[in-house]
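# Breakdown of the fold
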Amino acid sequence: MNNRQLSWPRGKVLGGSSTVNGMYLVRPNQVEIDAWASLASSDSSSSSSNSPWAWNPFYSAMKKAETFDAPSDDIASEAGIEFNQASYGDSGPIHWGYPGFTFPLLSSWTPSLSSLGVPLNSDPVSGNNTGSFIANSAIRKSDWTRSYSRSGYIDGITGSRSNLDILTGATVTGIVWDNSSSTSTTPSSNSNDGLKATGVQYAFSSAGQKFTVSVNKEVILSAGAVGSTQVLMVSGVGPQAVLQGAGVDVKVALEGVGARLQDHLVASLVYSTSETTAGDIHASNSAESKTAEFMSFINSATAYVPLSALFSAEDAASVISSAQSAMDSNVDKFKSAGPKGDGTSQLDDAVVEGYKQIYKTITDTFYTGGSGQVEVLIALTQPGSIILQVALQHPLSMGRMYITSPSTFDSPVLDPAYLENSADMDIYRAGVKFLRRLAGTAPLSQYIKDQTSPSFSDSPSDSDIDSFLISSSSTEFHPTGSCALLPLSLGGVVSPSDLRVYGTRNVRVVDSSVYPMELSTHLGAPTYGVAEVAVGLIREEYEASSESGGAGSDNASAGGSGGSGSGGDSSGAVGMRGLGWSGVHVVLVVIGWVLFV
Ligand SMILES: Cc1cc2nc3c(=O)[nH]c(=O)nc-3n(C[C@H](O)[C@H](O)[C@H](O)COP(=O)(O)OP(=O)(O)OC[C@H]3O[C@@H](n4cnc5c(N)ncnc54)[C@H](O)[C@@H]3O)c2cc1C
């Protein structure tokens, strides 16, 4: 995007990004999760329907993390909220609620979208998220506070658990290996081979003393899409060319680490309004603006829009077939860009094959299977304005992240190759046109006056829209793909069977880096699901081992959480809730948090 640099904030705090995020709780589409399970099982003899990553078990895991808080009748009718309570969990640590304050203009959201072919979805959380709806927010109704990984998973257990230590303010600087445990840098999918971690090193500043937490059992990284990838790389696990360039000894030449980095891009159209917005009430400094109910208001009206509502049937078919027929040239381009995107070396064949399979999945299944290709949102947070936003959901453009130094105190290079693929621009541009139609569609149109930004002509050309998107798009804060859960033959980083990093015996990654492709959702809710699946797999493994007199019975350390605490969480994933059985000592080493040992 004209070499623009975008800011990618992350929550550097206990609870990770769930502490600072926009609080949308949305589930992905079943089509996406089943496609992931199918890719994950593609080199195994078992069917993807038995995979823990298939929709049914994954849906159960997401529900395990949550408790649904129904809105009051007044809020539901004022905002036009519809829901199916049976589709939610009822006893998990994260509250799926709604704000205690709303705006009548929000009830115009779903009728206007329905008129544009995106009907109300009154049950968007049980497998089909396409359509328009008022999404859940991460709000606990009993006191209108944010429900996030720390409040859900950690706060209730600190002080009461002698087998949990949390080191805050610490930055993990690398994994300590038993170098005699493996002599080969070639990764194997066999967990009995490979490097064994014996500890995690951390420090409180870049020049400060380094400390080590020893590991009896394993290390679980939950440092997020950027953090976990960086920790692996500085520890010698990653693409050879990258590690050598950064002065890091190659322990495991795992070429998929950091490859295929992706993100959701978002753009905003701003309209003036004479309707009162949340921004107006905030700015008024009135008594109402200080109530807990008002302060709980957060944007949440959304819609996942399929190609059929963005294009005519003929144009949709043309976008799909152009993307499909351009696959081989895009794959070649991706391969020759190399691990640093500078063409100095080619990408590994397995990583390229993974890109090809993901590309096929997006163009053959997601484009045609009815899942949302853009998300459309409305924001009421600016005084005097209504903001309509569009975010591209399944980018074919995938880039890379890599380190240039062996220190986790130095920033890595993050390059998601935004909009390099022309199909991405075609769909994103159609999303902007859709927003403009939405602004003119009743009943929402009665609240909308002039478009104040960007300053388009009445009929902007495609190139006007493209220039606007290139110059003003920002991140929707959903980076992923950098530690993909896929077979080694598709350039995976963690094994679908147990989230173990290939080429290691006892290091797992459990966080939002593991999705091989973007999902049509905000990534928080599914990442709680990833963590809950992980807890199930890890428990099963230790319990089986314990029964046979193995690892589970000794006084060891297990891995922790990220940003959160127990059981599973997104912004700092996995969980004490599920993992803290007796005999296992857990240490969270945390900036905001991170690992566990
Ligand atoms: C501004 C913003 C808005 C967002 N809005 C939404 C939203 O509305 N809804 C939604 O569902 N999702 C949203 N997201 C995304 C969502 O919050 C993340 O996808 C999710 O939190 C990812 O969880 P994670 O555990 O993978 O990583 P994180 O939550 O980022 O947790 C990683 C943790 O690891 C720590 N860490 C990293 N490196 C190290 C290290 N070397 N040593 C020690 N600690 C380390 C970090 O400090 C952090 O505490 C948003 C994200 C942001 C940043």
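All values derive from a computational prediction rather than experimental measurement. (Residues numbered from 1 in each chain as written. Predicted model: local features only at pLDDT ≥ 70, side-chain atom pairs only at ≥ 80, totals over all residues. Heavy atoms only, no water.)

## Here we look at the overall build of the protein
Stated precisely, the cut-off is as follows: Under the scheme used here, helices are H or I runs from DSSP no shorter than 4 residues and strands are E runs no shorter than 2 residues, and both carry numbers assigned from the N terminus. In this treatment the radius of gyration is a C-alpha quantity, and the globule benchmark scales as 2.2 Å times the residue count to the 0.38 power. Relative accessibility decides the category of a residue: with a 1.4 Å probe and only protein chains considered, values under 20% of the type maximum give buried, values over 50% give exposed, and everything between is partly exposed. In this description, contact between two residues means that some pair of their heavy atoms is separated by no more than 4.5 Å. Only four residue types enter the charge count, namely Lys and Arg as positive and Asp and Glu as negative; His and the chain termini do not. A charge is said to be at NZ when it belongs to Lys, at CZ for Arg, at CG for Asp and at CD for Glu.
Each helix and strand in the protein was counted, giving 17 helices and 27 strands. Relative to its length of 597 residues, the protein is compact, with a C-alpha radius of gyration of 23 Å against a globular reference of 25 Å. Taking all 597 residues of the protein together, 61% fall into the buried category. Of all intrachain contacts in the protein linking residues separated by at least 6 positions in sequence, the fraction that spans at least 24 positions is 75%. The average position of the 33 basic charges and that of the 55 acidic charges among the side chains of the protein differ by 5 Å.

## Here we look at the pairing of strand 10 (residues 196-203)
To be explicit about the condition: When DSSP finds two or more bridges between two strands, those strands count as paired.
By the bridge criterion, seven bridges tie strand 9 (residues 171-178) to strand 10 in an arrangement that is antiparallel. For Trp-177, the partnering residue across the bridge sits in strand 10 and is Ala-197. Pairing analysis gives five bridges linking strand 10 to strand 11 (residues 210-214), with the strands arranged antiparallel. Within strand 11, the position partnered with Gly-199 by the bridge is Ser-214. Between the end of strand 10 and the start of strand 11, which pair antiparallel, lie six residues.

## Here's the deal with the sheet that holds strand 21 (residues 413-415)
Rule in force here: Axis definition: a line fitted to C-alpha atoms, over the contacting stretch in the case of helices. Angles run 0 to 180 degrees between N-to-C directions.
In space, the three strands of this open sheet follow the order 15-20-21, with antiparallel pairing throughout. Each end of this open sheet is capped by a strand with a single partner; those strands are strand 15 (259-261) and strand 21. Averaged over all adjacent pairs, the angle separating strand axes in this sheet is 40 degrees, with direction ignored. Two elements, strand 15 and strand 20 (residues 399-402), share two bridges in a ladder whose sense is antiparallel. Among the inter-strand pairings, Ala-259 is bridged to a residue of strand 20, identified as Arg-400. Packing against the sheet, helix 6 (residues 224-234) makes contact with strand 20 and strand 21, and its axis sits at approximately 55 degrees to strand 20.

## Quick word on the nonpolar core
Note the threshold: Only buried residues count toward a nonpolar core. Its members are Ala, Val, Leu, Ile, Met, Phe, Trp, Tyr and Cys residues joined through side-chain atoms within 4.5 Å.
Trp-36, Trp-53, Leu-232, Ile-378 and Leu-388 are the most contacted members of the largest nonpolar core, which totals 158 residues. Tallying contributions element by element places helix 14 (residues 422-439) first for this core, with 10 residues. Apart from the residues within four sequence positions on either side, Leu-232 is in contact with Ile-175, Leu-221, Val-237, Val-257, Cys-483, Val-493, Val-501, Val-507 and Val-509. If you look at the next biggest cluster of nonpolar residues, it comprises six residues, including Val-26, Phe-133, Ala-135 and Tyr-304.

## Re the sheet that holds strand 11
Across the sheet, which stays open at both edges, the three strands sit in the order 9-10-11 with antiparallel pairing between neighbours. Sheet topology places strand 9 and strand 11 at the edges, where each strand pairs with a single neighbour. Taking each pair of neighbouring strands and ignoring which way they run, the sheet shows an average axis angle of 30 degrees.

## Notes on the packing of helix 1 (residues 30-40) against helix 13 (residues 349-366)
The line we're drawing: Crossings are assigned a handedness: left-handed for a near helix turned anticlockwise from the far helix by less than a right angle, right-handed for a clockwise turn. The nonpolar class holds Ala, Val, Leu, Ile, Met, Phe, Trp, Tyr, Cys and Pro. Asp, Glu, Lys and Arg form the charged class, and all remaining residues, Gly among them, are polar.
Between helix 1 and helix 13, whose axes approach to 11 Å, the crossing angle comes to 145 degrees. In the packing of helix 1 onto helix 13, the handedness of the crossing is right-handed. Every residue of helix 13 that contacts helix 1 at Val-31, Glu-32, Ala-35 and Leu-39 is listed here: Gln-357, Ile-358, Thr-361, Thr-365 and Phe-366. Class assignment for the residues of the contact of helix 1 with helix 13 results in five nonpolar, three polar and one charged.

## Here we look at the packing of aromatic side chains
Keep this limit in mind: Aromatic pairs are defined between Phe, Tyr and Trp rings, using the six-membered ring for Trp, whenever the two ring centres lie within 6.5 Å; interplanar angles under 30 degrees are classed as stacked, those over 60 as edge-to-face, and all others as tilted.
Using the criterion set out here, one finds 21 aromatic pairs in the structure. Where Phe-68 meets Tyr-88, the ring centres are 4.1 Å apart and the plane angle is 25 degrees; that geometry is what we call stacked. Residue Phe-68 is found in strand 2 (residues 66-68), and its partner Tyr-88 is found in the loop between helix 3 (73-79) and strand 3 (94-96); the two are separated by 20 residues along the sequence. Judged by relative accessible area, which is 7%, Tyr-88 ranks as buried. Ring plane angle 20 degrees and centroid distance 6.1 Å describe the contact between Tyr-153 and Tyr-528, whose orientation is recorded as stacked.

## Some remarks on the UniProt feature "domain: Glucose-methanol-choline oxidoreductase C-terminal" (unreviewed entry) in the protein
Defined as follows: UniProt positions are given in the numbering used here, feature names are shortened, and annotations may be inferred rather than shown by experiment.
This chain's UniProt record puts "domain: Glucose-methanol-choline oxidoreductase C-terminal" (unreviewed entry) on residues 395-531. In residues 395-531, helix accounts for 27% and strand for 11%; the two terminal C-alpha atoms are 25 Å from one another.

## What about helix 1?
All of the buried residues along helix 1 are Glu-32, Ile-33, Ala-35, Trp-36, Ala-37, Leu-39 and Ala-40. The secondary structure elements touched by the buried residues of helix 1 are helix 2 (55-64), helix 13 and helix 16 (524-547).

## Describing helix 12 (residues 327-337)
Going by this rule: Throughout, the arc means that of the directions going from the helix axis to the C-beta atoms.
Within helix 12 the residues assigned to the buried category are Met-327, Asn-330, Val-331, Phe-334 and Ala-337. The buried side chains of helix 12 occupy one side of the element, clustering within an arc of 125 degrees when seen end-on. Downstream of helix 12 by a residue or two, Gly-338 has a phi angle that is positive, lying close to 75 degrees.

## Points about the packing of helix 14 against helix 15 (residues 462-472)
Short version of the rule: In these notes the angle categories are as follows: under 35 degrees is roughly parallel, over 145 is roughly antiparallel, 65 to 115 is roughly perpendicular, and the rest is oblique.
The geometry of helix 14 relative to helix 15 is characterised by a closest axis approach of 10 Å and an angle of 100 degrees between their N-to-C directions. When the axis of helix 14 is compared with that of helix 15, the two are roughly perpendicular. Note on element contacts: helix 15 touches helix 14 through Asp-462, Ile-465, Asp-466, Phe-468, Leu-469 and Ile-470, opposite Met-425, Tyr-428, Arg-429, Val-432 and Lys-433. Residues of the contact of helix 14 with helix 15, tallied by class, amount to seven nonpolar, no polar and four charged.

## What to know about the environment of Pro-104
In this structure, Pro-104 sits in the loop between strand 3 and helix 4 (109-115). Taking relative accessible area as the criterion, Pro-104 reaches 41% and is therefore assigned partly exposed. For the pair Pro-104 and Arg-161, spaced 57 residues apart in sequence, the C-alpha to C-alpha distance is 46 Å.

## Some words on unusual backbone geometry
Cis geometry marks the peptide bond from Ala-442 to Pro-443; its omega dihedral reads 5 degrees. Locating Pro-443 in the fold gives a position in the loop between helix 14 and strand 22 (451-453). A cis amide bond links Ser-453 with the next residue in sequence, Pro-454, at an omega value of -5 degrees. Along the chain, the position of Pro-454 falls in the loop between strand 22 and helix 15. Despite not being glycine, Asn-2 has its phi angle at roughly 55 degrees, a positive value. Positioned with a positive phi, Met-23 is a non-glycine residue whose angle comes to about 65 degrees. Within the fold, Met-23 resides in the segment before strand 1 (24-25). With relative accessibility at 11%, the residue Met-23 sits in the buried group.

## Details of the side chain of Thr-363
Where we set the bar: Polar contact is defined as a pair of N or O atoms within 3.5 Å, subject to the rule that within protein one atom must be able to donate a hydrogen and the other to accept it, and that residues adjacent in sequence are counted only when both atoms are side-chain atoms.
Tracing the backbone shows Thr-363 in helix 13. Residue Thr-363 is classed as buried on the basis of its relative accessible area of 1%. Reaching out from Thr-363, the side chain makes a polar contact with the side chain of Asp-364 at a distance of 3.4 Å. Every residue in contact with Thr-363, bar those within four places of it in the chain, is listed here: Ile-320, Ala-323, Gln-324, Thr-368 and Leu-396.

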